[in-house]
Every structure is written in C-alpha cells, then in structure tokens.
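Residue-level structure breakdown
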Amino acid sequence: MTNRISEILNIEKPIVQGPMAWITNAEFVSAVSNAGGLGILGPNAGQVDVTRSPEKTAERMRTEIQKTKALTNKPFGSTLIVNGDLTYTWPILETVIDEKVPVVLVNGILDEKIFKPLKENNIKIIFRPQTPTIEDAKAAEEMGADIYVATGFDEGGSVPERIIGTFSIVPMIADAVNIPVMAAGGVGDVRGVRAAFALGAEGVFAGSVFIPTKENPAAENVKQMIVDATAEDLLLFRTWPAYYRSLSTKLANNLVEMDEQNASPKEIAKAMGLAGALRFGMLEGNTNDGIVSVGTGITAIKEIRTVKEVVDSLMQDFK
Ligand SMILES: Cc1cc2nc3c(=O)[nH]c(=O)nc-3n(C[C@H](O)[C@H](O)[C@H](O)COP(=O)(O)O)c2cc1C
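Each chain has its residues counted from 1, running along the sequence as written. For this predicted model, a pLDDT threshold of at least 70 governs which residues receive local features, and a threshold of 80 or more governs which side-chain atom pairs are given and counted, while totals over whole chains, interfaces and linings are taken from all residues. Computation of side-chain values: all heavy atoms of the structure, hydrogens and water removed.

**Topic: the site of the ligand**
The ligand sits among 20 residues. The nearest are P19, N107, G186, G207 and S208. Between N or O atoms, a polar contact is any pair within 3.5 Å; within protein, one atom must be a potential hydrogen donor and the other a potential acceptor, and residues adjacent in sequence are included only when both atoms are from side chains. S208 has a polar side-chain atom sitting 2.6 Å from an oxygen atom of the ligand. Values of accessible area rely on a 1.4 Å probe in the Shrake-Rupley scheme; residue burial ignores everything except the protein chains shown. Contact with the protein chains covers 94% of the free accessible surface of the ligand, which is 600 Å². Residues are grouped as follows: Ala, Val, Leu, Ile, Met, Phe, Trp, Tyr, Cys and Pro are nonpolar; Asp, Glu, Lys and Arg are charged; every other residue, Gly included, is polar. The residue makeup of the shell around the ligand, split by class, is seven nonpolar, 10 polar and three charged. Near is defined per residue: the residue qualifies when any heavy atom it owns lies within 4 Å of the molecule or strand.

**Focus on the domain arrangement of the protein**
Entries for the protein in the domain assignment read domain 1 (4–216 + 303–314) and domain 2 (235–293). Each of domain 1 and domain 2 has a C-alpha centre, and the two are 23 Å apart. Residue-level contacts link 19 residues of domain 1 with 12 residues of domain 2. Approximately 1,300 Å² of surface area, both sides summed, lies buried where domain 1 meets domain 2, with 62% of it carried by carbon and sulfur atoms. Of the residues contributing to the side of domain 1 that touches domain 2, the split by class is 10 nonpolar, five polar and four charged. In this document the domain limits rely on a domain assignment from an automatic tool or a database. Here, two residues are considered to be in contact whenever any of their heavy atoms come within 4.5 Å of each other. Accessible surface is computed with a 1.4 Å probe, and the buried area is the amount of it that two parts give up when combined, taken over both parts together.

**A look at the packing of aromatic side chains**
Each pair of aromatic rings taken from Phe, Tyr and Trp, with Trp reduced to its six-membered ring, is defined by centres within 6.5 Å and is described as stacked if the planes are under 30 degrees apart, edge-to-face if over 60, and tilted in the remaining cases. All chains considered together, the criterion is met by five aromatic pairs. Seen in terms of ring centroids, F28 and F210 are 6.4 Å apart; in terms of plane orientation they differ by 75°. Their pairing is edge-to-face. Of this pair, F28 sits in helix α2 (residues 26–34) while F210 sits in the loop between β8 (203–206) and α9 (220–228), and the two are 182 residues apart along the sequence. Judged by its relative accessible area of 0%, F28 falls in the buried class. Owing to a relative accessible area of 0%, F210 belongs among the buried residues under this scheme. Centroid distance F127 to Y148: 6.0 Å. Interplanar angle 45°. Geometry classified as tilted. Taken together, the positions of F127 in strand β5 (residues 124–128) and Y148 in strand β6 (residues 147–151) put the pair 21 residues apart, joining distant regions of the chain. Across the pair, exposure class does not vary: F127 and Y148 are buried alike. By way of ring pairs, the aromatic residues F115, F127 and Y148 are connected into one cluster. The cationic tip of R238 hangs over the ring face of Y243; the distance from NZ or CZ to the ring centre is 5.2 Å. Criterion for a charge above a ring: Lys NZ or Arg CZ within 6 Å of the ring centre, and within 35 degrees of the ring normal. Seen from the ring of W22, R279 lies directly overhead, with NZ or CZ sitting 5.3 Å from the centre. What counts as a helix is a DSSP run of H or I of at least four residues, what counts as a strand is a run of E of at least two, and both are numbered from the N terminus. Relative accessibility decides the category of a residue: with a 1.4 Å probe and only protein chains considered, values under 20% of the type maximum give buried, values over 50% give exposed, and everything between is partly exposed.

Take a look at the structure:
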C-alpha cells in the first residue's frame, strides 16, 4: 500500500525516524531504512565527542553518510543543522548534495537560500519547525517543502513553544496545506499511528520509540529506563528555546528546581549545556550529569526490540 509520503520518499511504509542528537549512526539509520521506513542521520551521528568546527562537523557527517550507504541501498536522510548565521548549515548542505543524499530534514528556519540548492539537486525536503503554526506551514509549502511535520507538545527532544498536543496540531496543520503532513510526538504503538492517520496525517515521524532498540547507540541503562518508565515518570522544565522533558536524573531534578525558582530559560539552558546533557545522559548513560529525553508515548514501550520489530509493529496496517 503506497501513499503520498511513501511515494515522495520512495519508501515502503510512511514512517520516518526523526533525527536525535548523539543517538543516531549508520547502523541504526540503515536499519530503519532496511525495515521499509526512512532513517535520518541526526546531529553528531556516530560521534562520541564534541567538535565546534563547522567543517569538521560536515566531514564527520560525510563519513557517516558513506557508512550508511554501505549498509543500505534504500533511501535515507540527513539533517541540516540550521543555526542562526548558517555557519554549520553550508558545509553540511554541500556535503549532502555532493553525496547525493535523497532526503534532507530541514528544521527550524525557513530560508529560500537553503531550499533552492536542495530543490535544484532533486533532494526531497522534510520541513519540521520547532513550533508548527498555520502561517509557517503555508510558507513552507509555498517555498517548496515536500512534506511538513506537525509536532505536538507530546514529543521527546526540544519540545515546541506552544502547548498544543499532537491530537490537536495534526488536523490543524493538515487542514491548512495541500502538501502531506506527518505527525510527530507521542507515537508509541500502532494505536498512535492509526490515530495520526485518522487526524489527517499521511505518515508518522517518531523518535522515542526507536531509542530502546538493539541498533540504537543509546546507553543500555537508558534503554532499560525507558522500557521501565511510563509517561507519569517524566519531568518537564522550561529551557531555551522552549521546553524539555526527562526521566528522573540528578541534573533533570536540578533543572526542574531552577525552573520552579524562576531561573530564566537561558540560565536553565546553560546549566543543561544543551547538547552536553543529551550526550552524557542518552549516549553515556550518566544519570548524574545528563538527561534522558523522551516523549509521552513511552508508556507503550515494554521491551527492547529490533528496529524492524518496531517498524513492523507500528506499521502493521501498511502491507
Ligand atoms: C533524545 C532526542 C533527541 C532529539 N534531537 C533532535 C535533534 O537534534 N534535531 C531534531 O530536529 N529533532 C530532534 N529530536 C526530535 C525527533 O526528531 C522527533 O521529532 C521526536 O522524537 C518525535 O517525538 P517522539 O519522541 O514522541 O516520537 C530529538 C528527540 C529525542 C527523543
């Protein structure tokens, strides 16, 4: 069974694994693509340490893209790091064009300068803003985005600024544009997928459900924490640019406390060290200095599975 998303992305099942800082690599991403979905290499894919050099960041991404190509002949994607002055964006943009990566996830900023070279090179654009709005979705469509991701407040990672759940944001955006919309945030099992489609989505964009898998590079204790937890265990705190969630860690509890004491979002982000907290928590399994960021759909996750088992289970209606 095909639909607009599977046709645009040239995949079997309309499910995309969202990029996740530090916890994607070639083995994981190719496993998603080999299972019939679309895997996306995220920021710091395959890395264990930090570089602040835009050129080195792009070079590392090129290596991971080449490794992914060796592991799958199915389409996969790469994320563009769209920072304010685009210093990180240009070297990665050149790399994805050069390596002929079929799909690029553009997040955050809508910019013609980024869209144009991607379109000229026939690269499909999935656009996912931090906070979806009707106006932004129309602008993205106008600019040539192939797919728009409507992310609800339920998501893992950096949560949208507006407190609108996936159940409400998906139909709102799907009614506003003609390009296909994917639902992100809180999809934990096949019921979430069915609900997303009932609300007007033509595909699902998921992160958390793919973390407790054999192929994901997250630390083993983090995978087990997710399996053992329910949405009731999640802490939420204001940071910059908006909110983050975490399962209970020492740092996460400190950040909640800072928030309760009215620390500014920038101060909280500084204490979180943004990427640092994810690297220490998710990748290294350090529950003192890190956070374990996941969405509210985790209650349904009961065991560590293979990526293929997750895709087959979520997409059981797409044969
Ligand atoms: C640990 C973690 C890190 C993430 N890092 C990024 C990122 O660097 N860039 C990005 O665009 N999205 C990031 N995301 C968001 C995912 O791509 C996806 O939109 C989200 O996980 C969907 O919600 P779900 O986790 O409820 O499935 C991250 C999500 C998680 C859980």
